[in-house]
Amino acid sequence: MNRRFLLAGGTALVTGAFFGLGARADKGDFPVTKTEARWREQLTEIQYDVLREEGTERPFTSPLLEVKAKGTYHCAGCDQAVFESETKFDSGTGWPSFFREIEGNVGFKEDNTLFMTRTEEHCSRCGGHLGHVFDDGPEPTGKRHCINGVALVFRPSDGGAPVTG
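Residues numbered from 1 in each chain as written. Predicted model: local features only at pLDDT ≥ 70, side-chain atom pairs only at ≥ 80, totals over all residues. Heavy atoms only, no water.

Looking at the overall build of the protein chain
For the protein chain, the count of helices and strands is 3 helices and 10 strands. Looking at the protein chain as a whole, 43% of its 165 residues qualify as buried. When contacts within the protein chain are restricted to residue pairs at least 6 apart in sequence, those whose partners lie at least 24 apart make up 56%. On the protein chain, roughly 9300 Å² of surface is accessible, and the fraction owed to carbon and sulfur atoms is 55%. (Helix = DSSP H or I, 4+ residues; strand = E, 2+ residues; numbered from the N terminus. Buried < 20%, exposed > 50% of the residue type's maximum accessible area, 1.4 Å probe, protein only. Contact = heavy atoms within 4.5 Å. Areas by Shrake-Rupley, 256 points an atom, 1.4 Å probe, with all protein chains shown as cover.)

With respect to the sheet that holds strand β1 (residues 71-75)
Taken in spatial order, the 4 strands of this open sheet run β2-β1-β9-β10, and their pairing is antiparallel. Each edge of the open sheet carries a strand with a single partner, namely β2 (81-84) and β10 (163-164). Two strands pair when backbone bridges link them, and strand β9 (residues 152-156) and β10 are joined in this way by 2 bridges, in the antiparallel orientation. Following the sheet pairing, F154 is matched in β10 by V163. (Pairing = 2+ DSSP bridges.)

Quick look at the pattern of salt bridges
Taken as a whole, this structure holds 8 salt bridges when the rule is applied. Linking E36 and R40 is a salt bridge whose minimum nitrogen-to-oxygen distance equals 3.1 Å. Of this pair, E36 and R40 both sit in helix α2 (residues 36-42), 4 residues apart, which is roughly one turn of that helix. For R40, a relative accessible area of 46% corresponds to the partly exposed category. D79 is the partner of R155 in a salt bridge, and the nearest nitrogen-oxygen pair spans 3.0 Å. A residue pair is termed long-range when its members are at least 10 positions apart, and R155 in strand β9 and D79 in the loop between β1 and β2 qualify at 76 residues. Each of E54, K109 and E120 takes part in salt bridges that share partners, so that together they form one network. (Salt bridge = Lys/Arg side-chain N within 4 Å of Asp/Glu carboxyl O.)

Any functional reading would require information beyond the geometric quantities listed.
Spelled out as C-alpha cells, the structure:
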C-alpha cells in the first residue's frame, strides 16, 4: 500500500460516512421485496430517494405536518400502518413527529452517517427508510420519531381521502 492509496481510501470512507453513500434501505430480509425498477415505477423520485436510498426531505415541506385528523400513518412503500394519529405531536423540527410507533411495524438500526450516531427507523415489512428516533420527545415515552412525510400516507379514520406526504 502506498500513501496515495490510503489517502484515496480514507477520503472515500469519510465521504461515504458524511453523505450516507452505500447505505440502502433494502439491505436485509423483508417480507415485501421488489426490484429497483419496480420501486422506481411505484414511488415518486423523492419517495424513492427517502425510502430506498435513505435520503431526507427538506423540512417544513410535508403536507402531513398540518394533518390533525384521527387516523393511521402508513408506509408509502408497502402500506403497512406505522404510526397512529394519537401519537403525533408538533416537534417544531419541520418533519412529522410521533412519540410512539406501532409496535412490531418498524425496525431500528444504528446510523453512523453525518459524523454522529443516531437510530434509524425503517418499515419492518419493506425496509423503507422512515426517519430517525431521538430521546428528546414528550411523555409518556420521551421519544421523538422524526419521520419524512414523503415516506408516509395518512389514512383518515372517517374513510376520507388519503393524504400523501
